[in-house]
Amino acid sequence: MCTTLIETMEGEIAKMNPTPPPTMPSTTTRLPPVLRLPRDLIPQSYEVFLQPDFYTKIIEVVNVTSPNQTMHFTGNSTVSFHCVQGTRAIYLHSGDLAISDPVVVNRNKSEKVVVSSVKTHEYPSNFLEIQLEDALEEGVNYSLFLAFEGAINQSPYAMFVSTYVEGSPVYEGDQDTERFLVATTLEPTNARNVFPCFDEPDLKAVFHLTIIHRSHTQALGNAEVRKSNGIDHNWKVTYFHPTPKMSTYLFAFTVSEFTFTEPSSPGRVDIKTYARPDATRAGHAQYATDITEEILRFYEGYFEINYQQQKLTQLALPDLRAQAMENWGLVTYQEGRLLYEEGVSSLLHKEDIASIIAHELAHQWFGNLVTMKWWNDIWLNEGFATYFSILALDHVEPSFQLKESHIMSNLHTAFENDALASSHPLSPPPEDIQGTFEIEGMFDSIAYFKGAALLRMLADIVSETTFTKGIKMYLSDFKYKSTDQDDLWEYIQKAVYDDGGHTDVAKVMNTWTKQIGYPVITINTTNGEIYQKHFLFNDSSESNLWWELPIRVMSNAPKSSPIWLISSDKVQKDEFVSKKGEWILANVNCTGYYRVNYNSENWERLLTQLETNPNKIPRMNRAQLVDDAFNLARAKLVEVSLALNSTRFLRDETEFLPWKLAVRNLEYFVLMFDRSEVNGPMQAYLRQQVKGLYNYFRDYTDNSTVPEDHSSQHNQILAIEVACSNGLPECLEMATIMFAEWMNSNGTNQIHPNLRSVIYCQALAAGGRQEWDFAWEKFQSSIDTSEKEQLRQALSCTKKIWLLNRYLEYTLNPEKIRRMDVGPTISYIAENVAGQALAWNFIRAHWAYVQWDSIMLVQAVTSRFSTQFELAELEHFGAQYPLDAATMAVQQAIEQTQVNIQWVSENKDSALEWFERETAL
């Protein structure tokens, strides 16, 4: 699954703290399991028959007040399983289903086994317990038939309905253009809401799917269609070929009137991308389809294992919780993440499309072919998909030049969240992750980005060649099986020994995956003394953790092999001594997952080098020096003035990566100080620093054109954003004029697609009701996915409190703001200093409605919290509201707020003094 952070399912019952299941004796009478299924029955295959009863179009019947839409499904399933230990009870999962007609058959003898009772357990276990008159026998194959029915969900989880518009509405509220489709999204624990099943990732099976659906619709599944026959003039039946052996969460199907796009140059696998007919006709799915072909070919060559199905279908869905879902053979995406609209979409949108496809296709190997045994090791899916998507994107679109930028962005997202004492290990014990809310909480920046960063570090330690060899063996030997991280270490270790290496992979890596956080190493270049310490924003947190870490170091040239630090003791290394007053740089190219602090003399030399001739320092390290300086200042390990001094070189810097990292880090200062007297001098300083960059791109910007290379295009947008948001007059004038020209042009928009998002936002921030109402009307009437997304975000930029309040109220109406866009929209408003307090009040007033996006919203509304009053409000919220999957997010927000309060009290005066001094020159 791809998501910045996967948000939570709706929950009505408080989070449980389950105990591990008891050890079971070898007997036919047992205590029921707690939250994990017993392993006495192993599924082999499912035959699933489903009939979703819905209409793709609402048809009003005369004299009937309600339309004819139905939201209901019926079905039956037969699961075949092998008994490995005798038992009188069958336990599997079933959620929100009405179960009937259970039949158990001994397949070896073709005899029925009498069912004595059927019991459904509520959340959190969702067990379906079937008691039998006679015990199932060890070594025998059985089957269980069950009929069931359930509701098609209005929100996008399990089996759900999604709506879209086909054609142009004739009038407001015109339902003739409204269309409906049904789709599924089952990760992590929603397969049980579609059919009864053994819903745990290591209980893999083969699925035989049959769907009965409306005769004018098309059904798609994981595997190819075997045949499709009409039943009568209303219904037809579609039979699918069996799937590969796979986990239940990867099961998927859709029923819709979508049409497809094929690659310009078809290959071995039948690739099709389905979308709304309007979008298909307009060619909006062509780029995604063509790049899919290239990415798939790259992975097949890299892993030396072919994609395991004959077809790969992708769907651009109007509604989906995560940005995408890697269902084997039927990958689903939010349509805005997959469709590219020439002349409307930003040129840079191709980066997002290619990147997310690369992530989901990596899952066809990591997650689908080889799956983690349990959700505590979800990083084996998400970390690998994140790591390899960067390699794939760099291969198929080298002109994007995104590799370094993506690596650094991922690294710093992980760093920020992993610097809290309330973080969690990358691979916690399986017994710590039991209920659905705990499982969902694992889909975070630690799993995705720390996982990817540690894989990059491991590849650097053992060499890319050895790492790749180990990965190929791992994938080959565990095809259609499940693994934990120990299996991964074993196979990398085999490759290390094969290539004559000596690294103890498990010993090194377990220090990184089984404990929270990461170290800061402190180097004194005067005497070569070096030591490590757990890096935490909260300096009152005690920690004696240490890591086995490799340090690549350079002065004028990098050293050839890393230097190891394998304890928390201070040691002296000659390689870290500055013998002639030269600077020393550690963690060359940022391959290590740690921060670096130096003695003040070495910091001064490095910052002088940045200001005089930055090219002598690798580009990634130029960015990392700024990031380290700011975060060490947040942790009170260096003075704030040192961090701010590291931004002086920006005045003459035109490279995107250093600017991106500097702006990212200055954002913390903005969040802490934009409601205080520091804000004026801080904005003056940022205007001063960005003016050169803004002028560098001004000829392009004023003529609404963009540079050729992607890195410069990103930097042009950044320059406009920083310049306008900090009040550079020429920038504000440009944005206001361009937006006004669009308002007065009878619909002709001359703003370049790349620049629309930033110019819309800055024009609305500078404007009032007239500009806002114009943007809202455009948002409502637009059928272009990219344009709607840009406008929805820009509407949150206004500084008018009443407009922001009205916009928040609109999020409660699905006719105005789609259900899946509620969380992101409120988060955009919370990012606006004028909207932050409004959003905080709003989510508390409407928690039941917005809780679906609880993790995202908690992070957004609390990002500025830095007062005792805000802390007290947050603690009250944590104690009084049903948090469910947001429990960890609230704990982290409380810890971060405590850090912020202390940091602001200690640094506000010195920051104000520094900004005033720099702008007085």
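Located above this text is the structure these notes cover.
Residues numbered from 1 in each chain as written. Predicted model: local features only at pLDDT ≥ 70, side-chain atom pairs only at ≥ 80, totals over all residues. Heavy atoms only, no water.

Topic: the overall build of the protein
Under the convention used in this document: Numbering of helices and strands runs from the N terminus; a helix is a DSSP stretch of H or I covering at least four residues, while a strand is a stretch of E covering at least two. Think of it in three bands: residues with accessible area under 20% of the maximum for their type are buried, residues over 50% are exposed, and the middle band is partly exposed, with areas taken using a 1.4 Å probe on protein chains only. Using a 1.4 Å probe, the Shrake-Rupley method yields the accessible areas, and only the shown protein chains count as cover for residues. His is not counted, nor are the chain ends, whereas Lys and Arg count as positive and Asp and Glu as negative. Here the site of a charge means atom NZ of a Lys, CZ of an Arg, CG of an Asp or CD of a Glu.
Scanning the protein from N- to C-terminus turns up 28 helices and 30 strands. Within the protein, buried positions represent 61% of all 921 residues. Carbon and sulfur atoms make up 48% of the accessible area of the protein, which totals about 34,500 Å². Charged side chains in the protein number 75 positive and 116 negative. The centres of these two groups are separated by 2 Å.

Considerations on empty space enclosed by the protein
Applicable threshold: Only protein atoms enter the 1 Å grid used here, on which a cavity is any set of points holding a 1.4 Å probe that cannot leave and a pocket is any open set flanked by protein within 12 Å on both sides along at least five of seven lines; residues with an atom within 4 Å of a point are listed as lining. Grid points are joined across faces, edges and corners, and a volume is the space filled by probe spheres set on the points. Polarity classes work like this: nonpolar for Ala, Val, Leu, Ile, Met, Phe, Trp, Tyr, Cys and Pro, charged for Asp, Glu, Lys and Arg, and polar for all others, with Gly in that last group.
Under the counting rule described, the total for this entry stands at 5 cavities of 30 Å³ or more. The computed volume of the largest cavity comes to approximately 80 Å³. Residue lining of the largest cavity: Leu-35, His-93, Pro-124, Ser-125, Thr-189, Arg-192, Glu-200, Trp-374, Gln-434, Gly-435, Thr-436 and Ile-439, and that is the complete set. Counted by class, the lining of the largest cavity contains 4 nonpolar, 6 polar and 2 charged residues.

A word on the state of the cysteines
Note the cut-off: Any cysteine sulfur atom paired with another within 2.5 Å is treated as part of a disulfide.
All chains considered together, the criterion is met by 2 disulfides. Each disulfide pairs two cysteine sulfurs, and for Cys-724 the partner residue is Cys-731, the sulfurs being separated by 2.0 Å. Here the disulfide of Cys-724 and Cys-731 is left-handed, its torsion about the S-S bond being about -100 degrees. Overall, Cys-731 belongs to the buried group, its relative accessible area being 0%. Here Cys-761 connects covalently by a disulfide to Cys-797, the sulfurs 2.0 Å from one another.

Considerations on the nonpolar core
Operational definition: By convention a nonpolar core is built from buried Ala, Val, Leu, Ile, Met, Phe, Trp, Tyr and Cys residues, the set being connected through side-chain atoms within 4.5 Å. Residues count as neighbours in contact if any of their non-hydrogen atoms are within 4.5 Å of one another.
Within the largest apolar cluster, 289 residues are counted, with the highest numbers of intra-cluster contacts made by Tyr-299, Phe-388 and Phe-467. Apart from the residues within four sequence positions on either side, Phe-388 is in contact with Tyr-299, Tyr-302, Phe-303, Ala-362, Phe-366, Phe-467 and Ile-471. In this structure, Phe-160, Leu-220, Leu-320 and Leu-330 belong to the second largest nonpolar core, which totals 12 residues.

Quick word on the packing of aromatic side chains
This is how the line gets drawn: What counts as a ring pair is set by centres within 6.5 Å for rings of Phe, Tyr and Trp (its six-membered ring), and what kind of pair is set by the plane angle: stacked under 30 degrees, edge-to-face over 60, tilted for all other angles. The criterion is that NZ of a Lys, or CZ of an Arg, lies within 6 Å of the ring centre and within 35 degrees of the ring normal, and then a charge sits over that ring.
All chains considered together, the criterion is met by 68 aromatic pairs. With a centroid separation of 4.9 Å and 5 degrees between ring planes, the pair formed by Tyr-46 and Phe-207 is classed as stacked. One end of the pair, Tyr-46, is in strand S1 (residues 41–53); the other, Phe-207, is in strand S11 (residues 206–214), with 161 residues separating them in the sequence. Accessibility assignment for this pair places Tyr-46 and Phe-207 in one class, buried. In this structure, Lys-350 packs its charged tip against the face of Tyr-340, placed 4.9 Å from the ring centre. Above the face of the Tyr-491 ring, Lys-494 is positioned so that its terminal group lies 4.0 Å from the ring centre.

Remarks on the sheet that holds strand S19 (residues 324–325)
Cut-off, in case you're wondering: Think of it this way: DSSP has to see at least two bridges between two strands before they count as a pair. Axis lines are fitted through C-alpha atoms, for helices just across the contact stretch, and the angle between N-to-C directions can take any value from 0 to 180 degrees.
With mixed pairing, the 5 strands of this open sheet are ordered in space as S16-S17-S18-S20-S19. In this open sheet, the two edge strands, each paired with only one partner strand, are strand S16 (259–261) and S19. Pairing between strand S17 (residues 270–275) and strand S18 (residues 311–317): 5 bridges, direction parallel. Pairing of Thr-273 across the sheet is with Gln-314, part of S18. Against the sheet, helix H2 (residues 286–303) makes contact with S16, S17 and S18, and its axis sits at roughly 150 degrees relative to S17, the strand it touches most.

Concerning the packing of helix H4 (residues 379–396) against helix H9 (residues 485–498)
To keep things clear, this is the line we draw: Orientation is classified from the angle alone, with under 35 degrees giving roughly parallel, over 145 giving roughly antiparallel, 65 to 115 giving roughly perpendicular, and any other angle giving oblique.
Their axes nearest at 11 Å, the elements H4 and H9 cross at an angle of 50 degrees. Classified by the interaxial angle, the pair formed by H4 and H9 is oblique. Facing H4, whose interface residues are Trp-379, Leu-380 and Phe-384, H9 presents Gln-485, Leu-488 and Trp-489. A class-by-class count of the residues in the contact of H4 with H9 yields 5 nonpolar, 1 polar and no charged.

With respect to unusual backbone geometry
Only a minority of non-glycine residues have a phi that is not negative, and only a minority of peptide bonds are not trans. The omega torsion of the bond from Tyr-123 to Pro-124 falls at 15 degrees, within 30 degrees of zero and hence cis. By the element assignment, Pro-124 lies in the loop between strand S6 (115–120) and strand S7 (127–136). The linkage connecting Glu-187 with the following residue, Pro-188, adopts the cis geometry, with an omega of 5 degrees. Considering the arrangement of structural elements, one finds Pro-188 in the loop between strand S10 (178–185) and S11. Even without a glycine there, the phi angle at Asn-126 is positive, about 55 degrees. Within the fold, Asn-126 resides in the loop between S6 and S7. Under the relative-accessibility criterion, Asn-126 is labelled buried at 13%.

Section: helix H19 (residues 753–766)
Note the following rule: Here, expected helix span is obtained from the residue count minus one, scaled by 1.5 Å.
For H19, built from 14 residues, the straight-helix expectation of 20 Å at 1.5 Å per residue is met to within 8% by its first-to-last C-alpha distance of 20 Å. In terms of burial, H19 is largely enclosed, as 12 of its 14 residues are buried. For H19, the full list of buried residues reads Pro-753, Asn-754, Leu-755, Arg-756, Val-758, Ile-759, Tyr-760, Cys-761, Gln-762, Ala-763, Leu-764 and Ala-765. At its buried positions, H19 is contacted by helix H17 (710–725), helix H18 (729–743), helix H20 (769–781) and helix H21 (785–794).

Let's talk about the packing of helix H14 (residues 656–673) against H17
To keep things clear, this is the line we draw: Crossing chirality is assigned from the near helix's rotation relative to the far helix, an anticlockwise turn below a right angle marking it left-handed and a clockwise turn marking it right-handed.
Where H14 contacts H17, the axes come no closer than 9 Å and their chain directions differ by 35 degrees. Of the two elements, H14 crosses H17, and the hand of that crossing is left-handed. Touching Phe-656, Trp-659, Lys-660 and Val-663 of H14 are Ser-711, His-714, Asn-715, Leu-718 and Val-722, all from H17.

Regarding the pairing of strand S9 (residues 158–165)
Among the 8 residues that make up S9, 6 are buried, leaving the element largely enclosed by the rest of the structure. Pairing between S9 and S10: 8 bridges, direction antiparallel. What sits directly across from Val-165, in S10, is Glu-178.

Regarding the side chain of Asp-627
To keep it simple, the criterion reads: Here a polar contact is recorded for every N or O atom pair within 3.5 Å, except that within protein the pair must consist of a potential hydrogen donor and a potential acceptor, and residues adjacent in sequence are included only if both atoms are side-chain atoms.
Following the sequence through the fold, Asp-627 ends up in helix H12 (residues 619–634). In this structure Asp-627 comes out as buried when scored by relative accessible area, which is 2%. Only 3.3 Å separates the side chain of Asp-627 from the side chain of His-412, close enough to count as a polar contact. Sequence-distant contacts of Asp-627, defined by excluding residues within four places in its chain, comprise His-412, Phe-415, Arg-595, Leu-661 and Asn-665.

Re helix H22 (residues 801–810)
Let me state the cut-off plainly: Here the arc refers to the directions that run from the helix axis out to each C-beta atom.
Along H22, the residues that are buried comprise Leu-803, Leu-804, Tyr-807, Leu-808 and Tyr-810. On an axial view of H22, the arc spanned by its buried residues comes to 155 degrees, and they lie on one face. Close packing links the buried residues of H22 with H20, H21, helix H23 (822–831) and helix H24 (836–845).

What to know about the environment of Thr-210
With respect to the element layout, Thr-210 can be found in strand S11. Between the C-alpha atoms of Thr-210 and Leu-857, which are 647 residues apart in sequence, the distance is 39 Å. Those residues in contact with Thr-210 that lie beyond four places of it in its chain are Val-48, Phe-49, Leu-50, Val-237, Thr-238 and Tyr-239.

Details of the pattern of salt bridges
Note the threshold: What makes a salt bridge here is a side-chain nitrogen of Lys or Arg within 4 Å of a carboxyl oxygen of Asp or Glu, nothing more.
Following the criterion strictly, the structure yields 44 salt bridges and no others. The shortest N-O distance in the salt bridge between Lys-373 and Asp-484 comes to 3.7 Å. Here Lys-373, found in the loop between strand S21 (370–372) and H4, pairs with Asp-484, found in the loop between strand S22 (481–483) and H9; they are 111 residues apart in sequence, far enough to count as distant. When its relative accessible area of 36% is taken as the criterion, Lys-373 is described as partly exposed. Assessed through its relative accessible area of 22%, Asp-484 is described here as partly exposed. In this structure, Glu-787 engages Arg-756 in a salt bridge whose closest nitrogen and oxygen atoms are separated by 3.7 Å. Highlighted residues: Glu-787 in helix H21 and Arg-756 in helix H19, separated in sequence by 31 residues. Considered together, Glu-787 and Arg-756 belong to a single accessibility category, that of buried residues. Connected through salt bridges with shared partners, the residues Arg-36, Arg-39, Glu-200 and Asp-202 form a single ionic network.

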